[in-house]
Amino acid sequence: MAAIEKVDILGVPVDRIDMEGALARVKELLDTEGLSAIYTPNSEMVVSAVKDKEFMDILRSGDLVVPDGIGVVYASRIYGHPLPERVAGFDLMVGMLEMLGREGRSIYLLGGKPGIAEKAADNISRRFPGLKVKGTWHGYFKEGEVPGIVEHINSSGAEVLFVALGSPKQEKWIHSNRDRLRVRIAMGVGGSFDVLAGEAVRAPAFFRKAGLEWFYRLVTQPWRAARMLSLPVFVIKVLADSRRRGKK
Ligand code: UDP
């Protein structure tokens, strides 16, 4: 398998790949023995990884790591190693569903409020008829239930597991269970099931294309404002880090 060039963003190595390349990589991972993990960091996740070594190590161990946020793409330009484009986790998931459907592959959905994963599964099955949704489980379980959930996923025979528990919970969950899971690919997908279930909407295309999805979210979901305060912290850290590296 050809190695993909990586761009180091505050310690998180992000694959220098566009959407097409990411989907080609997913195809390779589907035919690779063992579990491969896909993570989609945005600037908020990178800042939290800088403060949380366990989370940093997990992101660093990802087999495909793409820039979910436009902030990460801008940061790569500041470092002088530009990433080709934003590869939003939601868009990558939908691209994967299309491709997996064409190939008659199978998936499992873990996460979201009770009922959401089932609703998302119904919509996915309708939209991608070739795809087999082998099972679902909601995301509000207790630690003691995890072995049963892993068994449910494994016995379903699903090849790809989408985990929607929010970040960093989903990445930590995938990592701590990766030796027990028998899926080929596990991917953290944040709030994607809510959108696929029709319970939440994405920003209109205009905002997404202009790199302003974060702004749309800030206005429509003001309770996220506190989380978004990590964006200026991210920019300051990237500027300081690129200057420090430039001096070496
Ligand atoms: N969630 C979950 N279990 C939890 C916490 C969150 O299943 O213990 C789900 C929640 O219902 C939502 C998703 O995880 O569907 C998190 O969405 P959010 O948009 O906050 O994701 P992020 O922005 O962190 O990627």
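Remember, it's a predicted structure, so these values are computed and weren't measured experimentally.

Peer 1: I'd love a proper account of the overall build of the chain, names of residues and values included.
Peer 2: On a plain count of helices and strands, the chain comes out with 13 helices and eight strands. Whereas a compact globule of 248 residues would reach a radius of gyration of roughly 18 Å, the chain reaches 18 Å, a difference of no more than 12%. With respect to the principal axes defined by its C-alpha atoms, the chain has extents near 55 × 40 × 35 Å. Contacts spanning at least 24 positions in sequence make up 75% of the contacts within the chain whose residues lie at least 6 apart. Total accessible area on the chain is roughly 12,000 Å²; 55% of this is exposed by carbon and sulfur atoms. Placing the 36 positive and 30 negative side-chain charges of the chain at their respective mean positions leaves the two points 5 Å apart.

Peer 1: Account for unusual backbone geometry, naming residues and giving values.
Peer 2: Omega for the bond connecting S167 with P168 falls within 30 degrees of zero, at 10°, which places this linkage in the cis form. Note that P168 resides in the loop between β7 (160-164) and α8 (169-177). Of note, L10 is a non-glycine position whose phi angle comes to about 50°, a positive value. With respect to the secondary-structure elements, L10 resides in the loop between β1 (6-9) and β2 (12-15).

Peer 1: Summarise the environment of D18; cite the residues concerned and give the values.
Peer 2: Within the secondary structure, D18 sits in the loop between β2 and α1 (19-30). Note on D18: relative accessible area 30%, which makes it partly exposed. Remark: the alpha-carbon pair of D18 and R245, spanning 227 residues in sequence, is separated by 25 Å. Beyond its immediate sequence surroundings of up to four residues, D18 is in contact with P84, E85 and V87.

Peer 1: Run through the nonpolar core, naming residues and quoting values.
Peer 2: Judged by nonpolar contacts, the single largest core of 39 residues is most densely connected at I9, L110, I153, L161, W173 and F234. In contact with I153, not counting residues within four places along its chain, are Y108, L110, A158, L161, W173, L181 and V183. Counting 36 residues, the second-largest nonpolar core is a separate cluster that includes V94, L100, A120 and I124.

Peer 1: Before we move on, could you go through the site of the ligand and cite the residues and values that matter?
Peer 2: Residues in contact with the ligand amount to 15 residues; listed here are only the nearest, G112, G139, K169, D194 and R227. Interatomic distance of 3.3 Å between a backbone N/O atom of G166 and an oxygen atom of the ligand. A distance of 3.5 Å separates an oxygen atom of the ligand from a polar atom in the backbone of G191. In isolation the ligand exposes 550 Å². Once the protein is present, 78% of that is buried. For the shell around the ligand, the residue count by class is three nonpolar, seven polar and five charged.

Peer 1: Outline the pattern of salt bridges, listing residues and values.
Peer 2: Taken as a whole and assessed by the stated rule, the structure comprises 20 salt bridges. Salt-bridge contacts for D63 lead to R178; the nearest nitrogen and oxygen are separated by 3.3 Å. Note that D63 is positioned in the loop between α3 (53-60) and β4 (64-65) and R178 in the loop between α8 and β8 (185-188), a separation of 115 residues in sequence. For D63, a relative accessible area of 23% corresponds to the partly exposed category.

Peer 1: Can you explain the packing of α1 against helix α5 (residues 89-102)? Please cite residues and give values.
Peer 2: Working note: a packed helix pair is described by the angle between its axes plus the distance between those axes. Running from N to C, α1 and α5 cross one another at 55°; their axes reach a closest spacing of 10 Å. Taken as axis vectors, α1 and α5 run oblique relative to one another. Crossing hand, α1 versus α5: right-handed. Where α1 approaches α5, its residues M19, A22, L23, V26, K27 and L30 are matched on the opposing element by D91, L92, G95, M96, M99 and L100.

Peer 1: Got a sec to walk through the packing of aromatic side chains? Specific residues and values, please.
Peer 2: By the definition in use, this model includes four aromatic pairs. Their ring planes at 65° and their centres at 6.3 Å tell us that F141 and W173 sit as a pair that is edge-to-face. Here W173 lies in helix α8 and F141 lies in the loop between β6 (132-137) and α7 (146-156), a separation of 32 residues in the sequence. Neither F141 nor W173 differs from the other in exposure class; each is buried. Ring centres 5.9 Å apart and planes at 75° place the aromatic pair W214 and F215 in the edge-to-face group. Exposure remark for W214: the relative accessible area of 37% places this residue in the partly exposed category. Accessibility expressed as a relative area gives 36% for F215, which makes it partly exposed.

Rules used throughout
- Residues numbered from 1 in each chain as written.
- Predicted model: local features only at pLDDT ≥ 70, side-chain atom pairs only at ≥ 80, totals over all residues.
- Heavy atoms only, no water.
- Helix = DSSP H or I, 4+ residues; strand = E, 2+ residues; numbered from the N terminus.
- Rg over C-alpha atoms; globule rule 2.2 N^0.38 Å.
- Contact = heavy atoms within 4.5 Å.
- Areas by Shrake-Rupley, 256 points an atom, 1.4 Å probe, with all protein chains shown as cover.
- Lys, Arg positive; Asp, Glu negative; His and termini not counted.
- Charge placed at Lys NZ, Arg CZ, Asp CG, Glu CD.
- Buried < 20%, exposed > 50% of the residue type's maximum accessible area, 1.4 Å probe, protein only.
- Core = buried A, V, L, I, M, F, W, Y, C linked by side-chain atoms within 4.5 Å.
- Near = heavy atom within 4 Å.
- Polar contact = N/O pair within 3.5 Å; in protein donor to acceptor, adjacent residues only side chain to side chain.
- Nonpolar A, V, L, I, M, F, W, Y, C, P; charged D, E, K, R; others polar.
- Salt bridge = Lys/Arg side-chain N within 4 Å of Asp/Glu carboxyl O.
- Axes fitted to C-alpha atoms, helices over the stretch in contact; angles between N-to-C directions.
- Parallel < 35°, antiparallel > 145°, perpendicular 65-115°, else oblique.
- Left-handed = near helix turned anticlockwise from the far one by under 90°.
- Phe/Tyr/Trp six-rings, centres within 6.5 Å; stacked < 30°, edge-to-face > 60°.

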